[in-house]
Number of protein chains: 2
Amino acid sequence: MPEVIQKTNCTNCLFKSLVFNKLNDSELDFLDQFKIEKIYQKGEIVVNEGDTINDFLYIKTGLVKLFKTGLDGKDHILSVAKPQDFIGFLSMFSNTNYQYSIATIENSTLCFINVPALKKLIENNGVFALDILDKMSLAVDGILDTRISLCSRNLRGRIALLLLYFSDEVYHKDEYILPLARKEIAGLIEMTTENVIRILSEFRHDGLIEMDGSEISLLNKKLIEAISTAG
Amino acid sequence: MPEVIQKTNCTNCLFKSLVFNKLNDSELDFLDQFKIEKIYQKGEIVVNEGDTINDFLYIKTGLVKLFKTGLDGKDHILSVAKPQDFIGFLSMFSNTNYQYSIATIENSTLCFINVPALKKLIENNGVFALDILDKMSLAVDGILDTRISLCSRNLRGRIALLLLYFSDEVYHKDEYILPLARKEIAGLIEMTTENVIRILSEFRHDGLIEMDGSEISLLNKKLIEAISTAG
DNA sequence: TAACAAAAATGATATATATCATAATGATGT
DNA sequence: ACATCATTATGATATATATCATTTTTGTTA
């Protein structure tokens, strides 16, 4: 359960330009009545697969994973999402219930916006509607790209891709703490836990990375990129 | 090149209810000025990767494939699309150029609708905007589901999934003519051409299917479904 | 119809990946 | 501080898949 629930003001929100830049002040005021902000610790469940979709979720800060538990009991991670990834748009329009679960993998602040209220704004503001379509389209492009390139890569290529993803897209640093356990990585890039561990060790032996538990530092990014492309 | 170009009338179109059911007659008349219909033979290129996106593409009849040519020279099929799949919505909003190529794999009739005209309608008709969001969302859900389940299946499972896809989603029959060559199937479900052939032969030897060239008939659907689920 | 090219088919072999077993390490609760 | 459990780690082996080589079939064109 989120520990803190905040009532903040959309018009003053640092992030409004990222999501709601096509709305005017009175529209933002309207939205204020229908939104709530929650602060989560790392590792908390935000929604469970099957839950009714009442709110559009927006990640203000932090990192979450979208996942499904398969018939084999293993978790499959559909996507890791960070601020501006607009994962909330994904099944909000096509389904009444979540097709996946969401959990935080970093301390995160999420904004919950009532779906009917949001739909009313879309209906009444055509420019906003087009903007939402743009953002949704971009989000989808990204997820599809990642998924397809995962399928056609070998294990080393997938690990390389993952390391680069966290370095380039999430932390913007060559050193970072992997927010996912080896087992979770396995579920994200569709391989066994043992092979995740094995290949990370391989990369260390080959001088590509330094590694202490979940602390990772990329030593030879050029080569990692080459492996990611060639794989 | 498409052999025939037709000027038809949206208001009388059999398919308008599938795509444009939220538009009134005057809006449909407006659209008429900005659309064109083309008839393609099987195997024709509709758009090339990198082409400027000028039109929203709607599949009236037939079957197309969306594909990219990889660095290795092999084609990777992103998706096979049939009427009502609304693939045209995919990167229309997020990109000015196609991120993939499109070719017909059956004789097909496609409708080309000018993008700025369509956007104007979206901007002016909020209910239509929400409807487009719904359809786009559904299209994406489908593609993602397929992709993710492909990644986590073994070769036999993937072939089973493919056979069922054409049977259940496309032809609605247990006998059909595979519209894709073995090599294309390989590019669609990420395996080698040899293994596609081998596993299809295996399925025939095991009495799961009958096969003569591209004529396929599913003999034991229950078992094929089991293989698809278990794989 | 012959001649050719492409696709389909099959087997042998190499490589990549998963599975199983076992140990070391680290975290958690008592 | 100890027992317990999950995670990380590594090796041995089995299995799945890709690659390479060769033949057969099919379709196309002269």
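Residues numbered from 1 in each chain as written. Chains lettered and ligands numbered in written order. Predicted model: local features only at pLDDT ≥ 70, side-chain atom pairs only at ≥ 80, totals over all residues. Heavy atoms only, no water.

(A) Fine view of the layout of surface pockets. Taken as a whole, the largest pocket holds about 1300 Å³ of empty space. Taken together, 45 residues line the largest pocket, and the ones lying closest to its centre are Ile148 and Ser152 of chain A together with Asp72, His76 and Glu190 of chain B. Per-element accounting of the lining of the largest pocket gives the leading share, 7 residues, to helix 5 (residues 126–151) of chain A. Of the residues assigned to the lining of the largest pocket, the class counts are 17 nonpolar, 14 polar and 14 charged. The computed volume of the second largest pocket comes to approximately 980 Å³. Taken together, the elements giving at least two residues each to the lining of the second largest pocket come down to strand 5 (64–69), strand 6 (75–81), helix 6 (155–171), helix 7 (182–189) and helix 8 (193–205) of chain A together with helix 5 (126–151) and helix 9 (221–230) of chain B. (1 Å grid on protein atoms, 1.4 Å probe; cavity = no way out; pocket = protein on both sides within 12 Å on 5 of 7 lines; lining within 4 Å. Points joined across faces, edges and corners; volume = space filled by probe spheres on them. Helix = DSSP H or I, 4+ residues; strand = E, 2+ residues; numbered from the N terminus. Nonpolar A, V, L, I, M, F, W, Y, C, P; charged D, E, K, R; others polar.)

(B) Highlighting the pattern of salt bridges. Taken as a whole and assessed by the stated rule, the structure comprises 16 salt bridges over all chains. The residue Lys35 of chain A makes a salt bridge to Asp32 of chain A at a minimum N-O spacing of 3.5 Å. A residue is classified by how much of its surface remains accessible, and Asp32 of chain A, at 15% relative accessible area, is buried. Asp85 of chain B serves as the salt-bridge partner of Lys82 of chain B, at 3.3 Å between the closest nitrogen and oxygen. The exposure class assigned to Lys82 of chain B is buried, which follows from its relative accessible area of 16%. Residue Asp85 of chain B is classed as partly exposed on the basis of its relative accessible area of 21%. Each of Asp168, Asp174 and Lys221 of chain A takes part in a single network of salt bridges with overlapping partners. (Salt bridge = Lys/Arg side-chain N within 4 Å of Asp/Glu carboxyl O. Buried < 20%, exposed > 50% of the residue type's maximum accessible area, 1.4 Å probe, protein only.)

(C) The arrangement of the relation of the copies chain A and chain B in detail. Once chain A has been moved 0.0 Å along the axis and rotated by 180 degrees, it coincides with chain B to within an RMSD of 0.0 Å. Within this description, the copies of the chain are treated as partners about a two-fold rotation axis. (Least-squares fit on C-alpha atoms with pLDDT ≥ 70 in both.)

(D) Structural view of the side chain of Lys35 of chain B. The residue Lys35 of chain B is located in strand 2 (residues 35–40) in this model. Apart from residues no more than four positions distant in its own chain, Lys35 of chain B is found in contact with Lys7, Thr8, Asn9, Cys10, Cys111, Phe112 and Ile113 of chain B. (Contact = heavy atoms within 4.5 Å.)

(E) Geometry of the protein's contact with DNA strand C. Close to DNA strand C lie Asn154, Leu155, Met191, Thr192, Glu194, Asn195 and Arg198 of chain A together with Arg182, Glu194, Ile197, Arg198 and Ser201 of chain B, which account for all nearby residues. Looking at DNA strand C alone, sugar and phosphate atoms form 58% of those within 4 Å of the protein. Asn195 of chain A has a polar side-chain atom sitting 2.6 Å from a phosphate oxygen of DNA strand C. Arg182 of chain B places a polar side-chain atom, nitrogen or oxygen, 3.2 Å from a phosphate oxygen of DNA strand C. For the surface near DNA strand C, the secondary structure elements donating two or more residues are helix 8 of chain A together with helix 8 (193–205) of chain B. Top contributing element to the surface near DNA strand C by residue count: helix 8 of chain B, with 4 residues. (Near = heavy atom within 4 Å. Polar contact = N/O pair within 3.5 Å; in protein donor to acceptor, adjacent residues only side chain to side chain.)

(F) A look at the packing of aromatic side chains. Evaluated as defined, the whole model comprises 14 aromatic pairs over all chains. Ring centres 6.1 Å apart and planes at 45 degrees place the aromatic pair Phe166 of chain B and Tyr176 of chain B in the tilted group. Residue Phe166 of chain B is located in helix 6 (residues 155–171), and its partner Tyr176 of chain B is located in strand 9 (residues 175–177); the two are separated by 10 residues in the primary sequence. Tyr176 of chain B matches Phe166 of chain B in its accessibility class, with the two residues each being buried. Ring pairs connect the aromatic residues Tyr165, Phe166, Tyr171 and Tyr176 of chain A, which therefore count as one cluster. Over the aromatic face of Phe112 of chain A sits the side chain of Lys38 of chain A, whose NZ or CZ is 4.4 Å from the ring centroid. The residue whose ring lies beneath Lys65 of chain B is Phe67 of chain B, and the NZ or CZ to ring-centre distance is 4.8 Å. (Phe/Tyr/Trp six-rings, centres within 6.5 Å; stacked < 30°, edge-to-face > 60°. Lys NZ or Arg CZ within 6 Å of the ring centre and 35° of its normal.)

(G) Region of the structure containing the sheet that holds strand 5 of chain A. All names here are of chain A. The antiparallel open sheet is built from 4 strands, whose spatial order is 3-7-5-6. Only two strands of the sheet have a single partner each, and these edge strands are strand 3 (45–47) and strand 6. The mean inter-strand angle of the sheet, taken between neighbouring strand axes irrespective of direction, is 30 degrees. With 2 bridges connecting them, strand 3 and strand 7 (residues 101–104) associate as antiparallel partners. (Pairing = 2+ DSSP bridges. Axes fitted to C-alpha atoms, helices over the stretch in contact; angles between N-to-C directions.)

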